[in-house]
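# Close look at the chain arrangement
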Amino acid sequence: MKHRRVEIRKPKDKDDEGVLVETVKVKPSNSNNKTPGLNAAKAYLQNKNHVEFKAVLPGRKKPLILTNERLGHIFYRHDLRYWNGTSGPRKSKPQTFFLPETTSTQILNALSKTLHARKSKIAEDFMEHKGEKFFQYDAYVDGRFYRVGILKYEDKANKNPQITQFYPKIQYWRQ
């Protein structure tokens, strides 16, 4: 699905489509190009394969991990500096972005805070479901709603659970 621009709307209330606040256009160098976001993730992680979030699952030996590929996905889908012009598979849900002045460090800090805000629910779900399963968690952090997606593998699998998505749940612009 190719989109070259996204209309940012600020809803007046929950049932309202909202008023048009801004139209965001993709940078020509990023158009349908994941490379800038993936390269930014690799550079941010200093060419490490992944970053670990160890204190989220108490008592578990396997930390949650965010690979540089998934961090790149967060960048090229939700960070205007690297957005490649695509939106999600469902047109009914608007594309959301981090605020334009948000840094990579701030994105990872928001992710960490979101994980910690929901860590008891994450731990509970991981104990309850033994097989492979995808979970999504929403949290209100620093005045914003975020969603994080985590893929848990079967308990006997020798794989760490992976953070597969992270994004602002609601679009905020010019507040």
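Analysis parameters
Residues numbered from 1 in each chain as written. Predicted model: local features only at pLDDT ≥ 70, side-chain atom pairs only at ≥ 80, totals over all residues. Heavy atoms only, no water. Helix = DSSP H or I, 4+ residues; strand = E, 2+ residues; numbered from the N terminus. Buried < 20%, exposed > 50% of the residue type's maximum accessible area, 1.4 Å probe, protein only. Contact = heavy atoms within 4.5 Å. Areas by Shrake-Rupley, 256 points an atom, 1.4 Å probe, with all protein chains shown as cover. Arc of directions from axis to C-beta. Salt bridge = Lys/Arg side-chain N within 4 Å of Asp/Glu carboxyl O. Phe/Tyr/Trp six-rings, centres within 6.5 Å; stacked < 30°, edge-to-face > 60°. Lys NZ or Arg CZ within 6 Å of the ring centre and 35° of its normal. pLDDT = per-residue confidence, 0-100. Core = buried A, V, L, I, M, F, W, Y, C linked by side-chain atoms within 4.5 Å. Pairing = 2+ DSSP bridges.

### Things to note about the overall build of the chain
- A tally of regular secondary structure across the chain gives 4 helices and 7 strands.
- In the chain, the succession of helices and strands from N to C terminus is β-β-α-β-β-α-α-α-β-β-β.
- By the burial criterion, 44% of the 175 residues in the chain qualify as buried.
- The contacts in the chain between residues at least 6 apart in sequence include a share of 53% that link residues at least 24 apart.
- Working note: accessible area of the chain is about 10,200 Å², and carbon and sulfur atoms make up 48% of it.

### As for helix α4 (residues 119–128)
- I122, D125 and F126 are the residues of α4 that are buried. Axial view of α4: buried residues confined to an arc of 100°, hence all on one face. Projecting away from the buried face of α4 at angles above 90 degrees are the exposed residues S120, M127 and E128.
- Check the buried side of α4 and you find it contacts β4 (64–67), α3 (104–117), β5 (133–141) and β6 (144–152).

### Notes on the pattern of salt bridges
- Scanning the entire structure with this criterion turns up 8 salt bridges.
- In this structure, E52 engages K54 in a salt bridge whose closest nitrogen and oxygen atoms are separated by 3.6 Å.
- Owing to a relative accessible area of 60%, K54 belongs among the exposed residues under this scheme.
- Connected via shared salt-bridge partners are K121, E124 and D125.

### Remarks on the packing of aromatic side chains
- If you walk through the whole model with that rule in mind, you get 8 aromatic pairs.
- Within the aromatic cluster, the residues linked to one another by ring pairs are F98, Y146 and F166.
- The residue whose ring lies beneath K152 is F126, and the NZ or CZ to ring-centre distance is 6.0 Å.

### Quick look at the confidence of the model for the chain
- On average, residues of the chain score 83 in pLDDT, and 79% of them reach the 70 mark or higher.
- α3 holds the highest mean pLDDT among the elements of the chain, 96, whereas strand β1 (residues 5–10) holds the lowest, 60.

### What to know about the nonpolar core
- Grouped together as the largest cluster of nonpolar side chains are 29 residues, with contacts concentrated most on F53, L64, L111, L115, I150, I163 and F166.
- With 5 residues, α3 is the single largest residue contributor to this core.
- Once residues within four sequence positions are removed from consideration, L64 is found in contact with V51, E52, F53, V56, L57, L115, F126, I150, P161 and I163.
- Grouped together as the second largest cluster of nonpolar side chains are 5 residues, V24, V26, L80 and W83 included.

### Section: the pairing of β6
- Buried residues dominate β6, accounting for 8 of its 9 residues.
- Bridge analysis of β5 against β6 gives 9 bridges, and the strand direction is antiparallel. Counterpart to Q136 in the pairing with β6 is G149.
- What sits between β5 and β6 in their antiparallel hairpin is a turn of 2 residues, with D142 showing a positive phi close to 50°.
- Looking at chain direction, β6 and strand β7 (residues 162–168) are connected through 6 bridges and run antiparallel. Its bridge partner lying in β7, V148 is registered against F166.

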